[in-house]
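# Per-entry structural report
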Amino acid sequence: MKKLSLLALCLSAVLFASAQKVTVKGDLKCLKSEQSFNIKFTYDNMTVGKMSEADYIEKKVSENNEKEAGKGDKWKEAWESDKVNVYPIKFCELFAKYSTKEVSDADTKYQITVNTDFFEPGYNVGVMRKDASINVTVKVVDTEANKEVATITITNALGRTFSGYDFSVADRVGEAYAKAGKEFGARVAKACK
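Keep in mind that this is a model prediction, so the values were computed, not measured. (Residues numbered from 1 in each chain as written. Predicted model: local features only at pLDDT ≥ 70, side-chain atom pairs only at ≥ 80, totals over all residues. Heavy atoms only, no water.)

## Overview of the packing of helix α3 (residues 71-85) against helix α4 (residues 87-99)
For any two helices packed against each other, the geometry is given by the interaxial angle and the distance between the axes. Packing of α3 against α4 leaves a shortest axis separation of 4 Å and a crossing angle of 20°. Relative to α4, α3 is oriented roughly parallel. Counting all contacts with α3, which are made through Asp82, Lys83, Val84 and Asn85, the residues of α4 involved are Tyr87, Pro88 and Ile89. Counted by class, the contact of α3 with α4 contains four nonpolar, one polar and two charged residues. (Axes fitted to C-alpha atoms, helices over the stretch in contact; angles between N-to-C directions. Helix = DSSP H or I, 4+ residues; strand = E, 2+ residues; numbered from the N terminus. Parallel < 35°, antiparallel > 145°, perpendicular 65-115°, else oblique. Contact = heavy atoms within 4.5 Å. Nonpolar A, V, L, I, M, F, W, Y, C, P; charged D, E, K, R; others polar.)

Here's what the structure looks like:
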């Protein structure tokens, strides 16, 4: 029985150590009267693992082109495409669901900018896996006053699918963005009660 209790304690310590952390600076209550937001995504000064994004891309393109001519160039196209066509959609879907607010392309009173600071693509090779994770900084700016009203940092948003069939980077990292969108949406909903 002691061994089981010790195992449970160790397991919960590991889960707690890898838990997502959300920090809010500023006040989100000002968003209460707003029904829609324009959300912009940036990747300024993003690191991928322990490398700058530029170095990571250069390495992956080179490695893939060595294996097969043009494969690295296709990989780079997919990398850039996912930053526009996958990650923002995953974030916005869960933000809208949990905040009960809408996401709009139109100009809105408050501009929300989500910058990805850190990106760990993880891997899934069937018998071994490492979850993807991201760190993002979300800034909320009152566009009329040109004033930042809140900054939210979300660290270690983990991404993996429930089924475990997340063999592509887009699937794993997309789930990390969904998790971050859910957390941000929940904070907005709580502040707007």
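After presenting the structure, the write-up continues.
## Some points on helix α2 (residues 53-67)
Here α2 spans 21 Å end to end across 15 residues, near enough to the 21 Å set by a 1.5 Å rise per residue. For α2, every residue scored as buried is listed here: Glu53, Tyr56, Ile57, Val61 and Asn64. Down the axis of α2, the buried side of the element spans an arc of 125°, and every buried residue falls inside it. The exposed residues of α2 that point more than 90 degrees off its buried face are Ala54, Glu58 and Glu66. On its buried face, α2 sits against β3 (47-48), β4 (51-52) and α3. (Expected span 1.5 Å × (residues − 1). Buried < 20%, exposed > 50% of the residue type's maximum accessible area, 1.4 Å probe, protein only. Arc of directions from axis to C-beta.)

## As for the layout of surface pockets
Estimated volume of the largest pocket: approximately 270 Å³. Forming the walls of the largest pocket are 14 residues, and the residues nearest its centre are Tyr56, Lys60, Trp75, Gly122 and Val169. Every element with two or more residues in the lining of the largest pocket is listed here: α2, α3 and α5 (169-191). Per-element accounting of the lining of the largest pocket gives the leading share, six residues, to α2. Of the residues in the lining of the largest pocket, the class split is five nonpolar, two polar and seven charged. (1 Å grid on protein atoms, 1.4 Å probe; cavity = no way out; pocket = protein on both sides within 12 Å on 5 of 7 lines; lining within 4 Å. Points joined across faces, edges and corners; volume = space filled by probe spheres on them.)

## A look at the environment of Ser81
For Ser81, the position within the fold is in helix α3. On a C-alpha basis, the gap between Ser81 and Ala170 in space is 9.7 Å, while along the polypeptide they are 89 residues apart.

## Looking at the pairing of strand β2 (residues 36-42)
Taking burial as the measure, the seven residues of β2 include five buried ones, the bulk of the element. Inspection of the sheet shows β2 paired to strand β5 (residues 102-103) by two bridges, in the parallel sense. Paired with Ser36 across the strands is Glu102, a residue of β5. (Pairing = 2+ DSSP bridges.)

## Here we look at a nonpolar patch on the surface
A cluster of nonpolar side chains, Tyr123, Val125, Val127 and Met128, forms an exposed patch at the surface whose accessible area comes to about 440 Å². Within the secondary structure, Tyr123 sits in strand β7 (residues 123-124). You can call Tyr123 partly exposed: its relative accessible area is 36%. (Patch = residues over 30% accessible without salt bridge, like charges linked within 9 Å, V, L, I, M, F, W, Y side chains within 5 Å. Areas by Shrake-Rupley, 256 points an atom, 1.4 Å probe, with all protein chains shown as cover. Salt bridge = Lys/Arg side-chain N within 4 Å of Asp/Glu carboxyl O.)

## Digging into the confidence of the model for the chain
Averaged over the chain, the pLDDT score is 88; the fraction of residues at 70 or greater is 87%. Below a pLDDT of 50 lies the segment residues 4-17, which in the model reaches zero contacts outside its immediate sequence neighbourhood of four places, other chains included. (pLDDT = per-residue confidence, 0-100.)

## Here's the deal with the state of the cysteines
Under the counting rule described, the total for this entry stands at zero disulfides. For Cys192, which is in no disulfide, the shortest distance to another cysteine sulfur is to Cys30 and amounts to 7.9 Å. Residue classification places Cys192 among the buried residues on the basis of a relative accessible area of 14%. (Disulfide = S-S within 2.5 Å.)

## Side note on the side chain of Glu34
Turning to its location among the elements, Glu34 is positioned in the loop between β1 (21-26) and β2. Although Glu34 is buried, it forms no salt bridge, and the closest oppositely charged side chain is Lys109 at an N-O distance of 5.1 Å. Among all residues touching Glu34, those that are not within four sequence positions of it are Lys101, Lys109 and Tyr110. (Lys, Arg positive; Asp, Glu negative; His and termini not counted.)

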